[in-house]
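What follows is the residue order along each chain.
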Amino acid sequence: MAAPRPLDPRRLDVAAFAALGGELSGEIAAAAMPRLASATLPPEDGSPRPDVKWRGTGERLPLVGAGVQPSLLLFAATDVTLECQRCLGPMHVALRAERRIFFVDGEDAAAALDAETEDDVLALTPALDLPALVEDELLLALPLVPRHDVCPEPLPRAFRDDKEQLAKLGPFKRPSRRVKKAEEPAAEVKQPA
Ligand SMILES: [Zn+2]
């Protein structure tokens, strides 16, 4: 029997990890997550993107319709900058992903169970790329339509005041802009010849 492989997050033997009740955690440089980088903005102060913190816990648990199977409880966290879809300004989001994933033999069985149950089911692999899975989960955790709760720059003050003023005056008291304009001197300043 071959000696057990040390638990390498980049080539994780999920079945062994789950049987062991193993736990792994660490930090991944944002530079190692190009897909997440392309889905987010760089921090506007020019600082580098923060690292991603993650933790994985292995456990053998019952999966509906498949008996006891290896599972992985994955947690990942980082802070990202996104573009607010209301004001188009930068928006900071504390991105958190937590998911339990079951692993079963065979792609077809995994796909069928994944469709049938509420749990996420992947095909069992002797060499799981955990950092890639962490990146997948963070991408899935991104808000579909990022929006500030309260945008930092509402409508310009002058515009709002003008609208409120007109509403108070009512339709018959609106100042006639056309007459006023006619009395004003020409806006263009002509250069002396
Ligand atoms: Zn906003």
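Residues numbered from 1 in each chain as written. Predicted model: local features only at pLDDT ≥ 70, side-chain atom pairs only at ≥ 80, totals over all residues.

Enquirer: With reference to specific residues and values, describe the overall build of the protein.
Expert: Helix and strand content of the protein: six helices and five strands. Helices (α) and strands (β) of the protein occur, in sequence order from the N terminus, as α-β-α-β-β-β-α-β-α-α-α. Buried residues in the protein amount to 20% of all 193 residues. Here the contacts in the protein between residues at least 6 apart in sequence split such that 63% fall between residues at least 24 apart. (Helix = DSSP H or I, 4+ residues; strand = E, 2+ residues; numbered from the N terminus. Buried ≥ 20, exposed ≤ 12 C-beta atoms within 10 Å, placed from the backbone. Contact = placed C-beta atoms within 7 Å.)

Enquirer: Which residues make up the nonpolar core, and what values go with them?
Expert: Of all hydrophobic cores here, the largest spans 28 residues; its most connected members are Val14, Val52, Ala76, Val134 and Leu138. Listing elements by their share of this core, those giving two or more residues are α1 (14-20), β2 (52-63), β3 (67-83), β4 (90-104) and α4 (130-141). No other element matches the six residues that β4 contributes to this core. Other than its neighbours up to four places away in sequence, Leu138 contacts Leu36, Val52, Ala76, Thr78, Leu95 and Ala97. (Core = buried A, V, L, I, M, F, W, Y, C linked by C-beta atoms within 7 Å.)

Enquirer: Outline the sheet that holds strand β1 (residues 23-28), supporting the account with residue identities and numerical values.
Expert: Ordered in space as β1-β2-β3-β4-β5, the five strands form an open sheet in which the pairing is mixed. Every interior strand has two partners, whereas the edge strands, β1 and β5 (120-123), have only one. For this sheet, the mean angle separating the axes of adjacent strands, direction not counted, is 30°. Here β2 runs beside β3; their pairing, made up of eleven bridges, is antiparallel. Residue pairing for β3: Pro62 is matched across the bridge by Val68. Each of β2, β4 and β5 touches helix α3 (residues 107-116); the most contacted strand, β5, lies at about 175° to it. Strand contacts of α4: β1, β2, β3 and β4, with the helix running at about 125° to β4, the strand carrying the most contacts. (Pairing = 2+ DSSP bridges. Axes fitted to C-alpha atoms, helices over the stretch in contact; angles between N-to-C directions.)

Enquirer: Any details on the environment of Thr57? Residues and values, ideally.
Expert: Following the sequence through the fold, Thr57 ends up in strand β2. Here Thr57 falls in the partly exposed class, since 17 other C-beta atoms lie within 10 Å of it. With 18 residues separating them in the primary sequence, Thr57 and Phe75 have C-alpha atoms 8.8 Å apart.

Enquirer: I'd like a description of the pairing of β2, backed by residues and values.
Expert: Direction of pairing for β1 relative to β2: antiparallel, over a ladder of six bridges. From the neighbouring strand, Ile28 faces β2, where its bridge partner is Val52. Between the end of β2 and the start of β3, which pair antiparallel, lie three residues, with Gly65 showing a positive phi angle near 85°.

Enquirer: Explain α4 to me, using residue names and the numbers behind them.
Expert: Helix length check: α4, at twelve residues, gives a terminal C-alpha distance of 16 Å against a target of 16 Å (1.5 Å per residue), a fit within 8%. Among the residues of α4, Leu130, Leu133, Val134, Glu135, Glu137 and Leu138 are the ones counted as buried. Packed against the buried residues of α4 are β1, α2 (34-38), β2, β3 and β4. (Expected span 1.5 Å × (residues − 1).)

Enquirer: Give me the confidence of the model for the protein: which residues, what numbers.
Expert: When pLDDT is averaged across the protein, the result is 85; 76% of the residues are at 70 or more. Low pLDDT, under 50, characterises residues 172-184; the stretch is placed with three contacts to residues that sit more than four places away or in other chains. (pLDDT = per-residue confidence, 0-100.)

Enquirer: Now, about the environment of Ala30: what can you tell me, with residues and values included?
Expert: Along the chain, the position of Ala30 falls in the loop between β1 and α2. When the 19 C-beta atoms within 10 Å are taken as the criterion, Ala30 is described as partly exposed. Separated by 22 residues in the primary sequence, Ala30 and Val52 have C-alpha atoms spaced 6.4 Å apart. Once residues within four sequence positions are removed from consideration, Ala30 is found in contact with Ala37, Pro48, Arg49, Pro50, Asp51 and Val52.

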